[in-house]
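Analysis of the macromolecular model
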Amino acid sequence: MDSLHTLYPSIDGNKASRDEMVSYLQYVLEQLDKMKDPNSLILGEEQLNSDSKTYYHMLAEQAFIPEKGHAIDQTLHQLIKLSEGHRVSNSNYLANASSMPNTASLVANFLMTLLNGNNLWDVEGSTSANVETQIVSMLSKLIGFDAKKSGGYTTWGGQGATFTSLRIAISKRYPEANKSGVPRNLYCFCSELSHYSLHKSMEATGLGTDHLIKIKANADHSINIDDLRKQMETVIADGGVPLYVLTTMGTTDTFGIDSIKEVKELLTELEHKYKLNDIYLHADTAMGGMFAFFNEYDFSANPLNIEKDVLDQLTNIHDKYQHVKLADSLVFDFHKLGQTPYVSSLFLLQNKSDLQAVDLHPEETPYVGNKGFGHYHTSYTLECSRAGTSIPIYASLLTFGVEGYQRLLANYLSINLAFRKRLKTEFKFVAITNELSPITTFRFYQDGVNWEEEKYGLSTQQQIQSTNELNEKLIESMGVDRKDLYFGSTRKQCTVRAIDTNEQVNITSHKFFSISPYTSIEDMDRYFRFLHKHVDELLVMK
Ligand SMILES: *Cc1c(COP(=O)(O)O)cnc(C)c1O
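On a predicted model such as this, the values are computed, not experimentally measured, just so you know.

Basis of the calculations
Residues numbered from 1 in each chain as written. Predicted model: local features only at pLDDT ≥ 70, side-chain atom pairs only at ≥ 80, totals over all residues. Heavy atoms only, no water. Near = heavy atom within 4 Å. Polar contact = N/O pair within 3.5 Å; in protein donor to acceptor, adjacent residues only side chain to side chain. Helix = DSSP H or I, 4+ residues; strand = E, 2+ residues; numbered from the N terminus. Nonpolar A, V, L, I, M, F, W, Y, C, P; charged D, E, K, R; others polar. Phe/Tyr/Trp six-rings, centres within 6.5 Å; stacked < 30°, edge-to-face > 60°. Buried < 20%, exposed > 50% of the residue type's maximum accessible area, 1.4 Å probe, protein only. UniProt positions renumbered as here; feature names shortened; annotations may be inferred. Pairing = 2+ DSSP bridges. Contact = heavy atoms within 4.5 Å. Axes fitted to C-alpha atoms, helices over the stretch in contact; angles between N-to-C directions. Core = buried A, V, L, I, M, F, W, Y, C linked by side-chain atoms within 4.5 Å. Domains from an automatic or database assignment. Parallel < 35°, antiparallel > 145°, perpendicular 65-115°, else oblique. Left-handed = near helix turned anticlockwise from the far one by under 90°. Buried area = accessible area lost by both parts, 1.4 Å probe. Salt bridge = Lys/Arg side-chain N within 4 Å of Asp/Glu carboxyl O.

Section: the site of the ligand
- Inspection of the region around the ligand gives 13 residues, with T252, D284, D333, H335 and K336 positioned closest.
- Side-chain polar atom of T252 to an oxygen atom of the ligand: 2.8 Å apart, as the coordinates give it.
- D333 places a polar side-chain atom, nitrogen or oxygen, 2.7 Å from an oxygen atom of the ligand.
- Ranked by residues supplied to the shell around the ligand, first place goes to helix α7 (residues 157-173) with three residues.
- Along the lines of polarity and charge, the residues of the shell around the ligand split into two nonpolar, eight polar and three charged.

Now the structure itself:
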């Protein structure tokens, strides 16, 4: 038995055992640092194998549990080898909201695993129960929820938040649905540019994706209120029940922000007009939620000296985000723009009492929560055991403060602004296809920028598609050099109407998405050398 003790931390806090742990951490940190290169997107050298179609099959075939265990350092050595070729979220990664977790959150994450509390209840996880309660209150106050009434918990991503919000919407309106299954005539609504989270949740709750109505988006990628009204009234006229509306506040590809105020006004109007029960309103703020940190910013005094164009855009974002408190629920996806490790997302509800709709009866949880000690029992979550991911979130909030996050977010916009300005001067045939945000979407043209025509339905299907093809070739060609620099891309940044058909046509575009705190104006030279290398070649070819 003694030899097994060497596989664990000490029980008495002795120094020798701690030093051993520190030596392992030191080894891991040193090895990763050795493989870092600010000019490369990956750690060390590229591991070509993962490109081959048979790679994972081969891995699976060769994998066995060793008969005799290895020494810890051997195991770590093996893992370090496997870390080679891993992408780093440095300034060479320009594709998605891939976070470089901040140091406080990383260490807090380690602390979380050392404590290894189960966030299911406070007897198992007193630290996370404490900290989770605090961050729910902190963020409620930030966005303007009444912190005495609001509730929430950390969960599995923006997707988990969407799923839970839908589950609550069903059970709150139809308590009997928990026993007898979901009614057949319920309908949900979201913009055509929403994340697929709601699509999946329609499947998983049993409502069915046929009952999800996709609403047209405006040219600024926000939901079209007139179409929402029309579609909701059609459902009502056909005897359906509008149950739930999802407003996306920061679309995944283009950062379009729905006007939650207008959506809420419409829902209130329809509820009165047709004598409907309250329609549940979830704000999908997985991408944009951190911008609520500007809710209390003094835009006229501008204490952080934010440059004018960025400030103007922050004002636009703020105009919509100040109303986010109208939502019944929303999410702070810290592992995106909040820069913490995966998975750290806080689902937040305006009314904690809504959770009762999906709670278990104490009779059904004989193991926990009702033994007379511990008052925090989250029996309403879909998860049973839950990690204490409120701990890294809390660490980030304390370490950054409101101002730290404001500076971080303003910097994302400054970098994008610089990129946009340069893009326009370096290339003649390029269009920027979204509003200033942490994301810039752009698209190249063979002989003349056509974006305004495309956007307003004045191009032919053929024209749009041939520009799509040009940009798809570029995506392929840039992909070859992906270990140096990786721009994002999307084959459906939005859809537009073609002048010669009734069909909506997808728009292909490139994405510049940098949330690395290390990205600076100096990096632009590299970005544009890279773009020129690929674009110039393609645009001369006819
Ligand atoms: C990323 C994203 C999600 C999903 O969030 P996860 O944390 O990946 O589960 C949902 N909605 C939007 C708008 C997103 O950008």
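As for the packing of aromatic side chains
- This structure, assessed with the given rule, holds 27 aromatic pairs.
- Plain terms: the ring middles of W156 and F163 are 5.9 Å apart, the flat faces sit at 40 degrees to each other, and that makes the pair tilted.
- Looking at W156, the relative accessible area reads 34%, which means it is partly exposed.
- On the accessibility criterion, F163 (9% relative accessible area) is buried.

Comments concerning the UniProt feature "modified residue: N6-(pyridoxal phosphate)lysine" (unreviewed entry) in the protein
- When the UniProt feature table is mapped onto this chain, "modified residue: N6-(pyridoxal phosphate)lysine" (unreviewed entry) is found at K336.
- Following the sequence through the fold, K336 ends up in the loop between β7 (329-333) and β8 (345-349).

Observations regarding the sheet that holds strand β9 (residues 430-432)
- Strand order in the open sheet formed by five strands is β1-β11-β14-β10-β9, with mixed pairing between adjacent strands. Of all the strands in the sheet, the pair left with one neighbour each is β1 (93-94) and β9.
- Bridge count for strand β11 (residues 486-490) against strand β14 (residues 509-513) is three bridges, and the pairing is antiparallel. Paired with S489 across the two strands is H510, which belongs to β14.
- Against the sheet, helix α15 (residues 461-480) contacts β10 (439-444), β11 and β14, and its axis sits at roughly 115 degrees relative to β10.
- Where helix α16 (residues 523-540) meets the sheet, it contacts β1, β10, β11 and β14, and its direction lies at approximately 60 degrees from that of β11.

Here we look at the nonpolar core
- The biggest cluster of nonpolar side chains holds 63 residues, and the ones touching the most others in it are F291, F332 and L337.
- Counting only domains with at least three residues in this core, you end up with domain 2 (107-405) and domain 3 (412-541).
- When residues no more than four places from it in sequence are discounted, the contact partners of F332 are L139, L142, I143, G289, M290, A292, S344, S345, L346 and L348.
- One finds A161, Y174, L207 and Y244 within the second-largest nonpolar core, a separate group that totals 27 residues.

Some thoughts on the packing of helix α10 (residues 225-237) against helix α11 (residues 260-273)
- Two numbers describe how α10 lies on α11: the axes approach to 11 Å, and their chain directions differ by 25 degrees. As summarised for this structure, α10 and α11 are arranged roughly parallel, according to the angle between their axes. As for how α10 packs across α11, the hand of that crossing is right-handed. Counting all contacts with α10, which are made through I225, L228, R229, M232 and E233, the residues of α11 involved are E262, V263, L266, L267, E269, L270 and K273.
- Of the residues belonging to the contact of α10 with α11, the class tally is seven nonpolar, no polar and five charged.

Remarks on the domain arrangement of the protein
- Per the domain assignment, the segments of the protein are domain 1 (14-88), domain 2 (107-405) and domain 3 (412-541).
- Here domain 2 and domain 3 have C-alpha centroids that lie 31 Å from each other.
- Summed over both partners, the interface of domain 2 with domain 3 comes to about 1800 Å²; 60% of that surface belongs to carbon and sulfur atoms.
- At the junction of domain 2 and domain 3, the tally comes to two salt bridges.
- When the shortest N-O distance is used, the salt bridge between D309 and K421 registers 3.9 Å.

Some remarks on the environment of R420
- Along the chain, R420 falls in helix α13 (residues 390-426).
- It is 28 Å that separates the C-alpha atoms of R420 and E296, two residues lying 124 residues apart in sequence.
- Leaving out residues up to four positions away in the same chain, R420 has contacts with I432, N434, E435, L436, S437, I439 and T440.
- At 2.9 Å, the side chain of R420 and the backbone oxygen of E435 are in polar contact.

What to know about the pattern of salt bridges
- Evaluated as defined, the whole model comprises 20 salt bridges.
- A salt bridge links K172 to D354; the shortest N-O distance between them is 3.3 Å. Placement of K172 in helix α7 and of D354 in the loop between β8 and α13 is noted, with a sequence separation of 182 residues between them.
- By relative accessible area, which is 7% here, D354 ends up buried.
- One salt bridge connects R491 with E472, and the closest N-O pair in it is separated by 3.6 Å. Residue R491 is located in the loop between β11 and β12 (495-497), and its partner E472 is located in helix α15; the two are separated by 19 residues in the primary sequence.
- With relative accessibility at 45%, the residue R491 sits in the partly exposed group.
- Connected via shared salt-bridge partners are R422, E426 and D525.

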